[in-house]
Amino acid sequence: PKSFADKVRIRGYPCHDYLGLVFAYLGEGDPPPLPRFYAFEEFEGLLEHDSYFRACNYFNNVENAADLTHSGFVHRNNPGSFDGFTSSPLMDAEESCWGVTVYARWPEQIRVSQIGMPNVFHHKAQPTDAAIAPYREFLAWWVPIDDESHIQFTVAAVRIPPDKIQIYTKRRAAQLAKRTHSNVELGERILRGEVWLNDIDRNSTDFLRLQDDVAQVGQGRIANHQHERLGQSDKAVIMLRQIIARELQTLAKELPLKNWFYDREALNITRGEVWERQFADLIAGPTHPRK
């Protein structure tokens, strides 16, 4: 009856469609301004979107981003990575207006990534098709489902010339069509000891995320840090934990938190000048030398 229906209300939340994702504000009062990431709005290339589930606390993934040395061990046989046994970088970090700036330094290059408080990552990642695109510049949001699981939502800018977009799209579709196995299920089987990671057909699944599944879920759904021995390569992890602890203590005291904000000019990211130049030469080919 209308007399009953008029008494029923379902709460609504402000939403905003941006960069192909829908952002919802679940707090009280008016929502704060949605950050703008102009580098992803207009550029030469295409935007890619994806998401994935991971059966561990979201902070395992946040710390994975702070530990750029993990790429040389977990992903060392992937295109665009390095060998952690022979060429691991020196790590450094500093607190930024947005969160933590992470530095990875080699003698010939430097890579810079940005972690945004409390669950965002801006990074130039390993390529999905190294022959066409040297890297994927992406924004990732780690969204908790509960204490023991989360979803990552990703927007990636693939910066390539317009004449290569169709080629890239077809090759990417062919790659995805070969994925017949869930990386989540394979990761669970590996952790149970039923199969070895090296026995998996790389083309049959999202192999890079499978590697991260094993590394992150293997720490425990909620990681136990009691017996860790952190070192120089963990500088960004240490700083991230210090900031999180400080902000949680401030929140517990009901005091104002730091006003975290994204500043395009202050928050530089780079994949490494030498590395990018090598791939730019590869893409250009011998008939279009890069000056």
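Residues numbered from 1 in each chain as written. Predicted model: local features only at pLDDT ≥ 70, side-chain atom pairs only at ≥ 80, totals over all residues. Heavy atoms only, no water.

Trainee: With reference to specific residues and values, describe the environment of Glu 42.
Mentor: With respect to the helices and strands, Glu 42 occurs in the loop between strand S2 (21-24) and strand S3 (46-54). Judged by relative accessible area, which is 72%, Glu 42 ranks as exposed. The sequence separation of Glu 42 and Ala 157 amounts to 115 residues, and the corresponding C-alpha distance is 9.8 Å. (Helix = DSSP H or I, 4+ residues; strand = E, 2+ residues; numbered from the N terminus. Buried < 20%, exposed > 50% of the residue type's maximum accessible area, 1.4 Å probe, protein only.)

Trainee: Tell me about the sheet that holds strand S5 (residues 99-106), and name the residues and values.
Mentor: Pairing within the open sheet is antiparallel, and its seven strands lie in the order S3-S9-S8-S7-S6-S5-S4. Bordering the open sheet on either side are S3 and strand S4 (90-95), each of which pairs with just one other strand. Each adjacent strand pair in this sheet contributes to an overall mean axis angle of 20 degrees, direction not counted. Bridge count between strand S6 (residues 109-116) and strand S7 (residues 120-125): three bridges; the pairing is antiparallel. Opposite Gln 114, over in S7, you have His 122 as the bridge partner. Sheet contacts for helix H2 (residues 58-66): S3, S4, S5, S6, S7, strand S8 (136-146) and strand S9 (149-158); angle to S8, the most-contacted strand, approximately 155 degrees. Set on the sheet, helix H7 (residues 235-252) makes contact with S4, S5 and S6; between it and S4 the angle comes to about 25 degrees. (Pairing = 2+ DSSP bridges. Axes fitted to C-alpha atoms, helices over the stretch in contact; angles between N-to-C directions. Contact = heavy atoms within 4.5 Å.)

Trainee: Can you explain the pairing of S2? Please cite residues and give values.
Mentor: Along S2, the buried face is formed by Leu 21 and Phe 23; none of Val 22 and Ala 24, which line the opposite face, is buried. Relative to S2, strand S1 (residues 15-18) runs antiparallel, the two sharing four bridges. If you follow Cys 15 over to S2, its bridge partner there is Ala 24. Hairpin geometry of S1 and S2 is characterised by an intervening segment of two residues between the two adjacent antiparallel strands and by a positive phi of about 55 degrees at Leu 19.

Trainee: So what's going on with the layout of surface pockets? Which residues, and what values?
Mentor: In this structure, the largest pocket spans a volume of roughly 1400 Å³. Lining the largest pocket are 36 residues, with Pro 32, Met 117, Pro 118, Asn 119 and Val 120 positioned closest to its centre. Elements with a minimum of two residues in the lining of the largest pocket: S1, S2, S8 and H7. Among the residues forming the lining of the largest pocket, the class breakdown is 31 nonpolar, three polar and two charged. Estimated volume of the second largest pocket: approximately 1100 Å³. Gln 126, Pro 127, Thr 128, Asp 206 and Leu 208 are, among the 46 residues lining the second largest pocket, the residues nearest its centre. Contributing elements (two or more residues each) for the lining of the second largest pocket: S3, H2, S5, S7, S8, S9, helix H4 (165-177) and helix H6 (207-217). Among the residues making up the lining of the second largest pocket, the classes are represented as 16 nonpolar, 16 polar and 14 charged. (1 Å grid on protein atoms, 1.4 Å probe; cavity = no way out; pocket = protein on both sides within 12 Å on 5 of 7 lines; lining within 4 Å. Points joined across faces, edges and corners; volume = space filled by probe spheres on them. Nonpolar A, V, L, I, M, F, W, Y, C, P; charged D, E, K, R; others polar.)

Trainee: I'd love a proper account of the pattern of salt bridges, names of residues and values included.
Mentor: The final tally for this structure, using the stated rule, is 20 salt bridges. The residue Asp 50 makes a salt bridge to Arg 136 at a minimum N-O spacing of 3.5 Å. Linking Asp 50 in strand S3 with Arg 136 in strand S8, this pair joins segments that are 86 residues apart in sequence. The shortest N-O distance in the salt bridge between Glu 188 and Arg 221 comes to 3.2 Å. Taken as a pair, Glu 188 in helix H5 (residues 183-191) and Arg 221 in the loop between H6 and H7 lie far apart in primary sequence, 33 residues in all. (Salt bridge = Lys/Arg side-chain N within 4 Å of Asp/Glu carboxyl O.)

Trainee: Give me the packing of aromatic side chains: which residues, what numbers.
Mentor: Under the criterion given, the structure shown has ten aromatic pairs. On the numbers, 6.2 Å between centres and 75 degrees between planes, the contact of Tyr 58 with Phe 59 is edge-to-face. Each member of the pair Tyr 58 and Phe 59 is classed as buried. Clustering of aromatic rings is evident, with ring pairs tying together Phe 23, Phe 37, Trp 98, Trp 141 and Tyr 262. Cation over ring: Arg 105 sits above Tyr 103, and NZ or CZ is 4.8 Å from the ring centre. We note Arg 159 situated over the ring of Phe 43; from NZ or CZ to the ring centre the distance is 4.7 Å. (Phe/Tyr/Trp six-rings, centres within 6.5 Å; stacked < 30°, edge-to-face > 60°. Lys NZ or Arg CZ within 6 Å of the ring centre and 35° of its normal.)

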